[in-house]
Amino acid sequence: MTEAPAAPRLLDGVRVLDLTNVLAGPFASYQLALLGADVIKVEIPGTGDLARRLGADHDLNEAGVGASFLAQNSAKRSLTLNLKSAAGREVLLRAVASTDVLVENFRPGVLDRLGLGWDRLREANPGLVYCAISGFGQDGPLRDRPAYDQIVQGVSGMMSTTGTEHTGPLRAGYPVADTLGGMTAAFAIASALVHRDRTGTGSHLDVSMLESAMTAMGWVVSNHLIAGQDPVPMGNDNFTAAPSGTFATGHGLLNISANEQRQFVALCRVLDRPDLCADPRFAERSARKAHRTELTEQLEKALAARTAEQWEPVLAAAGVPAARVLGVPEALAQDQVAERRFVHDLPFPGGRDRPLRVLGSPVHVDGAAPVPAHEPPLLGEHTDTILRELGYDAATIATLHEEGTV
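Predicted model, so just to flag it, every value in this text is computed and none were measured. (Residues numbered from 1 in each chain as written. Predicted model: local features only at pLDDT ≥ 70, side-chain atom pairs only at ≥ 80, totals over all residues. Heavy atoms only, no water.)

Another aspect to go through is unusual backbone geometry. Looking along the chain, the bond that leaves A242 and enters P243 is cis, with omega of 0°. Tracing the chain through its elements places P243 in the loop between α10 (219-227) and β7 (244-248). Backbone geometry at D272 places phi at a positive 60°, although glycine is not the residue there. Checked against the element boundaries, D272 lands in the loop between α11 (261-270) and α12 (275-278). Of note, D366 is a non-glycine position whose phi angle comes to about 50°, a positive value. By the element assignment, D366 lies in the loop between β11 (356-359) and α18 (383-389). For D366, a relative accessible area of 71% corresponds to the exposed category. (Helix = DSSP H or I, 4+ residues; strand = E, 2+ residues; numbered from the N terminus. Buried < 20%, exposed > 50% of the residue type's maximum accessible area, 1.4 Å probe, protein only.)

So this is what it looks like as structure tokens:
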């Protein structure tokens, strides 16, 4: 097999201090690490990121390498640091002086109370890009409220549009608000680095998970703001068109998005139901939306003749957007995912004899997939190395350990 080309490290030479925990922040810094940034994960001595103890494997949680941590922290280095101590704060300030980005997801005001707020950090490094990720932002009446993914899904209106009129609101089955907040932060950081390179000036970035989630809701929000239409939960149907949703087949579920007239005509032809195109209830777009239930009933009668797996290539070949509803294992096993080199095999931290597979970047650079430079770090694995890079000698490093600073 030909060795895959290496992706250019777009952020090579950029140093990031990652003071984040669990998901939104670590997800953001992982995207930067995949593109070549040197990400130093600053963790509490003895405990580290809470995600080290989260995941489906109890033994890994107990060992401090939980699946939730492993998923978002490859290609990072771990520095343990007690920021409640004066010596720990001094180490951080020394690191800030030679870094490009600091990202944190504490509650608003926490670093200020430690004497490490934006004004102090900017004094140490005027070119610093400082990114604060929080549930609701650094100001406003909700700024001090704790916010987990499900909380944000609820207050953003996202849950109100998910499910059906019978189920009531449902959360998305994965931490979408955390992930969106992290992706927003990564984009903002990259933009601020471009600005700094042009002007020499750093930036203070205030990322709100709530606003990130609402931004991603797109037409659901714009239909209310612009057209005065309040969204209602429609299950797996797409409110913009019909037939556009999830359909039962002879075996398995099939998503079909025949949003354009030519796609609907092609669908009817493939299903051997040209009569549906002539039926006044289905002949044109608005009529199909008004008679969505009746149309679904007719289509599912025809779709019952084959399985979802059989229908998928036939409809795609006819120009009808269609694909099976897959489980996570099936999705990861697709040839498309393998061809794009999206899943990476890494050594397991600590030399454990077991596989470690993580997702990479969804962006290819010059035709190549970015690959994590190395496995996720053990807690404090790189502390001494980083302290030496910051100019500390062996005796001082030993003292910092003895004092519980690192």
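Attention now moves to empty space enclosed by the protein. Inspection of the entire model under this criterion finds one cavity of 30 Å³ or more. When its volume is computed, the largest cavity comes out at roughly 40 Å³. (1 Å grid on protein atoms, 1.4 Å probe; cavity = no way out; pocket = protein on both sides within 12 Å on 5 of 7 lines; lining within 4 Å. Points joined across faces, edges and corners; volume = space filled by probe spheres on them.)

What you see with strand β4 (residues 101-104) is no split at all: V101 and V103 on one side and L102 and E104 on the other are buried throughout. Examined bridge by bridge, strand β1 (residues 15-19) and β4 share four bridges and lie parallel to one another. Paired with V16 across the strands is V101, a residue of β4. Strand direction decides the pairing type here: β4 and strand β5 (residues 129-134), joined by four bridges, are parallel. Bridge pairing in β5 links V103 to C131. (Pairing = 2+ DSSP bridges.)

As a further point, take the pairing of β5. Within β5, six of the six residues are buried, leaving the element largely enclosed by the surrounding structure. The sheet contact formed by β5 and strand β6 (residues 203-208) spans six bridges and is parallel. Paired with I133 across the two strands is V207, which belongs to β6.

A separate point is the nonpolar core. Grouped together as the largest cluster of nonpolar side chains are 36 residues, with contacts concentrated most on V16, C131, I133 and I189. Among the elements of the structure, α1 (24-34), β4, β5, α8 (176-199), β6 and α9 (209-216) are those that each provide at least two residues to this core. A total of eight residues in this core trace back to one element, the largest contributor, which is α8. Contact partners of I189, with chain neighbours within four places excluded, come to L32, V101, V103, V129, C131 and L205. Judged by nonpolar contacts, the second largest core, of 27 residues, contains V42, L121, A132 and L390. (Core = buried A, V, L, I, M, F, W, Y, C linked by side-chain atoms within 4.5 Å. Contact = heavy atoms within 4.5 Å.)

Before going further, it helps to spend a moment on the environment of V42. Looking at the element boundaries, V42 is found in strand β2 (residues 38-43). It is 46 Å that separates the C-alpha atoms of V42 and H166, two residues lying 124 residues apart in sequence. Setting aside anything within four residues of it in sequence, one finds V42 in contact with L17, D18, L19, L79 and L81.

All right, on to the packing of aromatic side chains then. Two aromatic rings are characterised by how far apart their centres lie and by the angle between their planes. Throughout the structure, instances matching the rule amount to one aromatic pair. The ring of Y392 carries the charged tip of R94 above its face, separated from the ring centre by 3.9 Å. Its end group placed over the ring of W311, R306 keeps NZ or CZ at 4.8 Å from the ring centre. (Phe/Tyr/Trp six-rings, centres within 6.5 Å; stacked < 30°, edge-to-face > 60°. Lys NZ or Arg CZ within 6 Å of the ring centre and 35° of its normal.)

Glancing now at the sheet that holds strand β8 (residues 253-257). Read from one edge to the other, the open sheet built from three strands follows the order β7-β8-β9, with strand pairing classed as antiparallel. Two strands bound the open sheet, and with one partner strand each, they are β7 and β9 (322-324). Between one strand axis and the next, the sheet turns through 25° on average, direction left out of account. Note: β7 against β8, five bridges, orientation antiparallel. Residue pairing in the sheet places T246 in a bridge with N255 of β8. Against the sheet, helix α14 (residues 292-303) contacts β7 and β8, and its axis sits at roughly 45° relative to β7. (Axes fitted to C-alpha atoms, helices over the stretch in contact; angles between N-to-C directions.)

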